[in-house]
Amino acid sequence: MIHSIVTSATRFIVGGGRLASSASRQTRLATCHGCEIFSAGRCQSCGCFVAIKSWLAHETCPLGKWDLQQLTPPATEGTEESPV
Ligand code: SF4
């Protein structure tokens, strides 16, 4: 776990210290909270506390679930075609 903290901190600094947007954090947390390997606030794959990990723009989900969320186009109001 110490190794992953040091690795993440290093990548955060090297990456310019960017934080994730509020919308991105909320999406990430919602994804983690619905994940089968989320337990007691931590990802059981990487061991990270997701409440902290979600803030760091450079972080990724080890199973690619955050990427899937980002590929899903956001819902927009008034742009759907009428089925009639
Ligand atoms: S980071 Fe990915 S694998 Fe880990 S708990 Fe969140 S969604 Fe699940």
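Owing to the predicted nature of the structure, the values given are computational and were not obtained by experimental measurement.

(A) Focus on the site of the ligand. Every residue near the ligand is listed here: Thr31, Cys32, Cys35, Ile37, Cys43, Cys61, Pro62, Leu63 and Lys65. The cavity where the ligand resides is the largest cavity. Among the residues forming the shell around the ligand, the class breakdown is 7 nonpolar, 1 polar and 1 charged.

(B) Focus on the side chain of Lys53. Position of Lys53 among the secondary structure elements: in helix α3 (residues 50–53). Lacking a salt bridge, the buried Lys53 has Glu59 as its closest oppositely charged neighbour, with an N-O distance of 4.0 Å. The contacts of Lys53, once residues within four sequence positions are left out, are Arg28, Cys46, Cys48, Glu59, Thr60, Pro62 and Trp66.

(C) Summary view of the pattern of salt bridges. Tallied over the entire structure, the rule returns 2 salt bridges. We note a salt bridge from Arg11 to Glu59, for which the minimum N-O separation is 3.6 Å. Here the residue Arg11 occupies a position in helix α1 (residues 2–14), and Glu59 occupies one in the loop between α3 and α4 (65–71), the gap between them amounting to 48 residues. Overall, the relative accessible area of 40% leaves Arg11 in the partly exposed class. Of the residues examined, Glu59 reaches a relative accessible area of 8% and is grouped as buried.

(D) The arrangement of the packing of aromatic side chains in detail. One pass over the full model with this rule turns up 0 aromatic pairs. We note Arg25 situated over the ring of Trp55; from NZ or CZ to the ring centre the distance is 3.6 Å.

(E) Examining the environment of Leu68 more closely. When you line up the elements, Leu68 lands in helix α4. For Leu68, a relative accessible area of 55% translates into the label exposed. The sequence separation of Leu68 and Thr31 amounts to 37 residues, and the corresponding C-alpha distance is 9.8 Å.

(F) Summary view of the confidence of the model for the protein. Per-residue pLDDT for the protein has a mean of 84; in total, 80% of the residues score no lower than 70. Ranking the elements of the protein by mean pLDDT puts α4 last, at 75, and strand β1 (residues 38–39) first, at 98.

(G) Seen up close, the layout of surface pockets. A volume near 180 Å³ is recorded for the largest pocket. The element best represented in the lining of the largest pocket is α1, accounting for 3 residues. The residue inventory of the lining of the largest pocket, partitioned by class, reads 6 nonpolar, 3 polar and 2 charged.

Quick notes on the rules
- Residues numbered from 1 in each chain as written.
- Predicted model: local features only at pLDDT ≥ 70, side-chain atom pairs only at ≥ 80, totals over all residues.
- Heavy atoms only, no water.
- Near = heavy atom within 4 Å.
- 1 Å grid on protein atoms, 1.4 Å probe; cavity = no way out; pocket = protein on both sides within 12 Å on 5 of 7 lines; lining within 4 Å.
- Sits in = over half its atoms within 2 Å of the grid points.
- Nonpolar A, V, L, I, M, F, W, Y, C, P; charged D, E, K, R; others polar.
- Helix = DSSP H or I, 4+ residues; strand = E, 2+ residues; numbered from the N terminus.
- Buried < 20%, exposed > 50% of the residue type's maximum accessible area, 1.4 Å probe, protein only.
- Lys, Arg positive; Asp, Glu negative; His and termini not counted.
- Salt bridge = Lys/Arg side-chain N within 4 Å of Asp/Glu carboxyl O.
- Contact = heavy atoms within 4.5 Å.
- Phe/Tyr/Trp six-rings, centres within 6.5 Å; stacked < 30°, edge-to-face > 60°.
- Lys NZ or Arg CZ within 6 Å of the ring centre and 35° of its normal.
- pLDDT = per-residue confidence, 0-100.
- Points joined across faces, edges and corners; volume = space filled by probe spheres on them.

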